[in-house]
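Commentary on secondary and tertiary structure
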2 protein chains.
Amino acid sequence: MSFGLKFRLKDNCYSPKNFYLWRLKFKKKRRNMNDFVMPSDLLQRQARLQSAIRQAGADGCLLSADVNLYYMTGRVFNGYYYLPSEGSPCCFVRRPKEKPIENTIFIRKPEEIADSFADAGRAFPEKMLLETDELSYNECMRLLSVFRHPEAGNATALLRRLREIKTPWEIERLRISARQHAVTYAEIASCFRPGMTDLQFQAEIERRMRLNGSVGVFSVFGSNMNIFMGSVLTGSNAEAASPFDFALGGGGQTPLCPIGANGTPIREGMAVMVDMAGNYTEYLTDMTRVFAVGRLPELACRAHQLSIDIQDDMMQNARPGTACADIYNRALAMVKAAGLEAYFMGTKQQAKFVGHGIGLQINEPPVFTPRSDEVLLPGMTFALEPKFVIPNVGAVGIENSFLVTETGVEKLTLFEEKIITM
Amino acid sequence: MSFGLKFRLKDNCYSPKNFYLWRLKFKKKRRNMNDFVMPSDLLQRQARLQSAIRQAGADGCLLSADVNLYYMTGRVFNGYYYLPSEGSPCCFVRRPKEKPIENTIFIRKPEEIADSFADAGRAFPEKMLLETDELSYNECMRLLSVFRHPEAGNATALLRRLREIKTPWEIERLRISARQHAVTYAEIASCFRPGMTDLQFQAEIERRMRLNGSVGVFSVFGSNMNIFMGSVLTGSNAEAASPFDFALGGGGQTPLCPIGANGTPIREGMAVMVDMAGNYTEYLTDMTRVFAVGRLPELACRAHQLSIDIQDDMMQNARPGTACADIYNRALAMVKAAGLEAYFMGTKQQAKFVGHGIGLQINEPPVFTPRSDEVLLPGMTFALEPKFVIPNVGAVGIENSFLVTETGVEKLTLFEEKIITM
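First, a word on what this report is: a plain description of the structure on this page. (Residues numbered from 1 in each chain as written. Chains lettered and ligands numbered in written order. Predicted model: local features only at pLDDT ≥ 70, side-chain atom pairs only at ≥ 80, totals over all residues. Heavy atoms only, no water.)

1. With respect to the pairing of strand E7 (residues 230-234) of chain B
Residue and element names in this part refer to chain B. As a reminder, the rule being used: Burial classification: accessible surface area is computed with a 1.4 Å probe over protein chains only, and a residue below 20% of its type maximum counts as buried, one above 50% as exposed, and the rest as partly exposed. Helix and strand definitions here come from DSSP, where helices need a minimum of 4 consecutive H or I residues and strands a minimum of 2 consecutive E residues; each element is numbered from the N-terminal end. DSSP-based pairing: two strands are paired if at least 2 bridges between them are found.
Across the five residues that make up E7, a large majority, five, are buried. Of the two faces of E7, the one holding Gly230, Val232 and Thr234 and the one holding Ser231 and Leu233 are both buried throughout. With five bridges connecting them, E7 and strand E8 (residues 271-276) associate as antiparallel partners. Counterpart to Val232 in the pairing with E8 is Val274.

Have a look at this one:
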């Protein structure tokens, strides 16, 4: 089915020729062409999404969340991307007045989308996929009205599932993030000065991150998920329970953002867990290391070594087809065997996962929980973070980012894993 | 109307005695009691919200957005705050296992709220206010189902309106932010080294912010509004149009976050506009200053002076009762008289507002647009930002934060307003 004259396939900017022209046009503005998505990736995503739309029995999919717009067009704009189950996509753009794809119609309000459908002689979808986990209730109701009240399906869940499997180009972007992540981590110990608080220490790490190319902000899925560039947890602050769905908590600086560093002075015998973002490209890596002044108590060292052992066990056993629940359960079995269950993933409040997908957002599927029904697939990227909170010492354990290959898993974030003395 | 046994008024933690006990309990964990909301403020907010619920003809209001939970309880948690049109509030908390108010029920899923209503012999609301601009479609549908499909009213718009008028305690928090904001701005010129890019310069400013107490992250209303600690715009990058609803744009570092600094080397004759957040408490101030190496061209200096003149004109004329549209229109008239319309609030893409409310979020109502129907009221706080983009030079103009007093407006962000030479 075609989308009328305005939506002819030859207008599709993803053709190699059009992409070349588009590249030239944007080259003047952008210094790094790596910033743009591979045209073959965009074509492939479009085909995968279209196939998923048909599988869901829907007639089209409308997207407007930043990460999804970027995923489908390589650009973020204020507006909508519409992909019918057959034929080519169209963008409806409020701002800026630039065309993310050739088939772009500038609008002031979503009601104008209906006019363009009428102009193109296009039937309104009977079932439409909308980002029902991301769009606000009011915006979604308005769009359903614009599209004459189709049945609504969940495009959020669908896109999160599609984004799970990374292409070689996406993996290359992750590798760049991972490399820069390690470059920053190698500078962390030198940021420490005796007498510093966790916040002063974190400010110096943040500066190194930014000078090494961190884009600062990063995307987290979920409405009440606030975090700033990552988390530095020192001593007993690691025990503070958080409202958010991250692995560990921390009291934070204000009651409006109760997570992470809280001004604790860094003293000898405290574990300082650094879990700062790998946001050096659009694709995020996740990595945690533990720093300490002097030697930590035996229990903390033992728990830290167990975290490394859990990781090594996962690396030996995980491959395409491995159940995500098994990864959690094997980890938990090792923790129980060592008698460290009371410290695993927190004390007062224990997170019930040991790893999660990574990509354009820091918390993508799959999630390694006891009851996950997902299995590893080649091209998935994930972070494993078996962590322990030792009362009066702090948090220990490591986190690394991994790629699922055809035969196993490959570690992307390569840096010293033992407790690092400052 | 009472809320059943579990919801007796004497259990309300906002009573001075309960607050004192609560304070003692939290004192162990928190170092700064200023972080907690004044109990009299919480009582007053509850009364105002309850009056607004009745005015809307609703039976109750359910809140779960971070800023609204904080506004009503002084805490952020994963869960819900319910206020009936009469009687006392109740919190339904998933995480952490701490009671934000005395009347707290711990839940695992929202469906358990229905059970607690049944247990308390409480009638389900026929009309309920929900954060329909903030809750996702799916979450809102689920809550409507839990509450047996009441008519839904917009709690987002209502809370934004209530939050517009600040109490003396809130104003004190804003003053602290404003003071620290100015402390950081006084250090900015010394952050500059010849040969720096905008991003390197910004990294040094961010570090000073953090060392001066910035909480890093800050809250912006709207789903696709990404920004990182603020914006540094240098030279022609100020002309880049953005998808976001901020005053100016900038190309940004990646196409996933197209706003702000983009790696432009800072050279003589370029304007460097610094608009970094005043997030030193939960309450945000907004302030912009222009820095330059050497002298800027005459046109840029003239536009910058006009920005100061527009501010001074506003300060002489604005008072309770002043129409927000008038503030925009007076500014625009001055711009037209000076023949600088082509540069006002951007070039290719011009923002159609000249100021906005500030508070727990950086973009609160009122907004100073040509067609705003709001008027200034005592206790409102806002930022005025008449800015100009001069091609090949950059952005000029100032922004300051103001409080509407009983008789006029008071400037909160006090720092040198002329172009600052580095």
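2. Focus on the sheet that holds strand E6 (residues 151-154) of chain B
Residue and element names in this part refer to chain B. Basically, it comes down to this: Simply put, an axis is a line fit to the C-alpha atoms, just over the touching stretch for a helix, and the angle between two N-to-C directions goes from 0 to 180 degrees. We call two residues in contact when some of their heavy atoms are within 4.5 Å.
Strand order in the open sheet made by the six strands is E4-E3-E2-E1-E5-E6, with mixed pairing throughout. Looking along the sheet, the strands with just one partner apiece sit at the ends: strand E4 (104-106) and E6. On average, adjacent strands in this sheet sit at an angle of 25° to one another, irrespective of strand direction. Pairing of strand E1 (residues 60-63) with strand E2 (residues 78-84) involves four bridges; the strand directions are antiparallel. By the bridge assignment, Cys61 is partnered in E2 with Leu83. The strands touched by helix H2 (residues 39-55) within the sheet are E1, E2 and strand E5 (127-130), with E2 carrying the most contacts at an inclination of about 65°. Here helix H5 (residues 137-146) sits on the sheet in contact with E1, E2, E5 and E6, set at roughly 150° to E5.

3. Quick look at unusual backbone geometry
Residues and elements named next belong to chain A. In this model, Arg95 is joined to Pro96 through a cis peptide bond whose omega is -15°. Looking at the secondary structure, you find Pro96 in the loop between strand E3 (90-95) and strand E4 (104-106). Phi at His149 takes a positive value of approximately 55°, unusual for a residue other than glycine. Along the polypeptide, His149 turns up in the loop between helix H5 (137-146) and strand E6 (151-154). Residue classification places His149 among the exposed positions, given a relative accessible area of 61%.

4. Some details on the sheet that holds E7(B)
The mixed open sheet is built from four strands, whose spatial order is E7-E8-E9-E17 (chain B). Either end of the sheet is taken by a strand with one partner, and the two such strands are E7 and strand E17 (420-421) of chain B.

5. A look at the relation of the copies chain A and chain B
Relating the two copies of this chain is a rotation about some axis coupled with a shift parallel to it. For the record, the criterion: Least-squares superposition aligns the copies on the C-alpha atoms of those residues with pLDDT at or above 70 in both.
Expressed as a screw transformation, the operator carrying chain A onto chain B has a rotation angle of 180° and an axial translation of 0.0 Å, and the superposed copies differ by an RMSD of 0.0 Å. One copy is carried onto the other by what is essentially a two-fold rotation axis. When the interface residues of chain A are mapped onto chain B, 100% of them are again interface residues, pointing to one common binding face.

6. A few points about the interface of chain A and chain B
Note the following rule: Throughout, buried area stands for the accessible area (probe radius 1.4 Å) lost by two parts on being put together, summed over both. Here, a salt bridge means any side-chain nitrogen of Lys or Arg that lies within 4 Å of a carboxyl oxygen of Asp or Glu. Any pair of N or O atoms that falls within 3.5 Å is considered a polar contact. Within protein, one atom must be able to donate a hydrogen and the other to accept it, and sequence-neighbouring residues count only if both atoms are side-chain atoms. For this scheme, ten residues count as nonpolar: Ala, Val, Leu, Ile, Met, Phe, Trp, Tyr, Cys and Pro. Four count as charged, namely Asp, Glu, Lys and Arg, and the remainder, Gly too, count as polar.
Each side of the interface is counted separately: chain A has 67 residues, and chain B has 67 residues. Summing the contributions of chain A and of chain B, the shared interface buries around 5200 Å²; its carbon and sulfur component is 55%. Three residues stand out in chain A for area buried against chain B, namely A:Tyr137, A:Pro255 and A:Leu256, and they jointly supply 15% of the buried area on that side. One can count six salt bridges joining chain A with chain B. Between B:Asp245 and A:Arg95 there is a salt bridge, and its shortest N-O distance comes to 3.9 Å. Across the contact surface, chain A and chain B share 18 residue pairs in polar contact (both at pLDDT 80 or more). In terms of residue count, the dominant contributor to the side of chain A that touches chain B is helix H8 (residues 198-211) of chain A (nine residues). Of the residues that constitute the side of chain A that touches chain B, the class distribution is 27 nonpolar, 24 polar and 16 charged.

7. A few points about the side chain of A:Glu112
Relative to the helices and strands, A:Glu112 is located in helix H4 (residues 111-119). When neighbours within four sequence positions are excluded, A:Glu112 is seen to be in contact with A:Phe106 and A:Ile107.

8. Focus: the pairing of E6(B)
Residues and elements named next belong to chain B. Cut-off, in case you're wondering: Here, the term right-handed applies to a crossover whose path from the first strand over the helix to the second runs clockwise when the strands point away from the viewer.
In this structure, E5 lies alongside E6, joined through four bridges in parallel fashion. Its bridge partner lying in E6, Leu130 is registered against Asn154. Since E5 and E6 lie parallel, the crossover through H5 that links them has a hand, and here it is right-handed.

9. A closer look at the packing of helix H2 (residues 39-55) of chain A against helix H6 (residues 155-163) of chain A
Residues and elements named next belong to chain A. So the rule is basically this: Roughly parallel means an angle under 35 degrees; roughly antiparallel, over 145; roughly perpendicular, 65 to 115; everything else is oblique. A crossing counts as left-handed when the near helix is turned anticlockwise from the far one by less than a right angle, and as right-handed when that turn is clockwise.
Between H2 and H6, the shortest axis-to-axis distance is 11 Å and the interhelical angle comes to 135°. Between H2 and H6, the interaxial angle falls into the category oblique. With respect to the hand of their crossing, H2 and H6 are arranged in right-handed fashion. In this structure, H2 uses Arg48, Leu49 and Ala52 to contact H6, whose residues at the interface are Leu158, Leu159, Arg161 and Leu162. A per-class count over the contact of H2 with H6 returns five nonpolar, no polar and two charged.

10. Describing the packing of aromatic side chains
Note the threshold: For Phe, Tyr and Trp, rings pair up if their centres lie within 6.5 Å, where Trp contributes its six-membered ring, and each pair is then called stacked (planes under 30 degrees apart), edge-to-face (over 60) or tilted (otherwise).
Enumeration over the complete set of coordinates arrives at 23 aromatic pairs over all chains. When the ring of A:Tyr137 is compared with that of B:Tyr137, the centres are 6.1 Å apart and the planes differ by 15°; the resulting orientation is stacked. Of this pair, A:Tyr137 sits in helix H5 while B:Tyr137 sits in helix H5, each in a different chain. Under the relative-accessibility criterion, A:Tyr137 is labelled buried at 12%. With centroids separated by 5.3 Å and ring planes inclined at 25°, the aromatic side chains of B:Phe117 and B:Phe124 adopt a geometry described as stacked. Each member of the pair B:Phe117 and B:Phe124 is classed as buried.

11. Focus on the packing of H2(A) against helix H3 (residues 66-73) of chain A
Residue and element names in this part refer to chain A. Remark: H2 packs on H3, axes separated minimally by 7 Å, with the N-to-C direction vectors making an angle of 115°. For the element pair H2 / H3, the angle class is roughly perpendicular. Where H2 approaches H3, its residues Leu42, Arg45, Gln46, Arg48 and Leu49 are matched on the opposing element by Tyr70, Tyr71, Met72 and Thr73. Considered class by class, the residues forming the contact of H2 with H3 number five nonpolar, two polar and two charged.

12. Describing H8(A)
In plain terms, the rule: The length a helix should cover is 1.5 Å for every residue beyond the first.
With 14 residues, H8(A) extends 20 Å from end C-alpha to end C-alpha; this agrees with the ideal 20 Å at 1.5 Å per step. Of all 14 residues that make up H8(A), ten are buried, and the element is covered over most of its length. Residues of H8(A) that are buried: A:Asp198, A:Leu199, A:Phe201, A:Gln202, A:Ala203, A:Glu204, A:Ile205, A:Glu206, A:Met209 and A:Arg210. Each element contacted by the buried residues of H8(A) is listed here: helix H7 (168-191), strand E7 (230-234) and strand E8 (271-276) of chain A together with helix H8 (198-211) of chain B.

13. Looking at the nonpolar core
This is how it is decided: Residue types Ala, Val, Leu, Ile, Met, Phe, Trp, Tyr and Cys, when buried and joined through side-chain atoms within 4.5 Å, form a set referred to as a nonpolar core.
Counting 132 residues, the largest nonpolar core has A:Leu49, A:Phe201, A:Val274, B:Leu49, B:Phe201 and B:Val274 as the members making the most contacts within it. Ignoring any residue separated from it by four or fewer positions in sequence, one finds B:Leu49 in contact with B:Cys61, B:Leu63, B:Met72, B:Tyr81, B:Leu83, B:Leu158, B:Leu159 and B:Leu162.

14. A short note on the pattern of salt bridges
Should the charged atoms of two oppositely charged side chains come close, the side chains can pair. Residues and elements named next belong to chain A. By the definition in use, this model includes 48 salt bridges over all chains. Close ionic contact of Glu151 with Lys127 constitutes a salt bridge, the shortest N to O distance being 4.0 Å. With Glu151 in strand E6 and Lys127 in strand E5 (residues 127-130), the pair connects residues that are 24 residues apart, well separated along the chain. With a shortest N-O distance of 3.0 Å, Lys387 and Asp275 are connected by a salt bridge. Of the two residues, Lys387 sits in strand E13 (residues 387-390) while Asp275 sits in strand E8, which places them 112 residues apart along the sequence. Judged by its relative accessible area of 17%, Asp275 falls in the buried class. Connected through salt bridges with shared partners, the residues Asp275, Glu385, Lys387 and Glu399 form a single ionic network.

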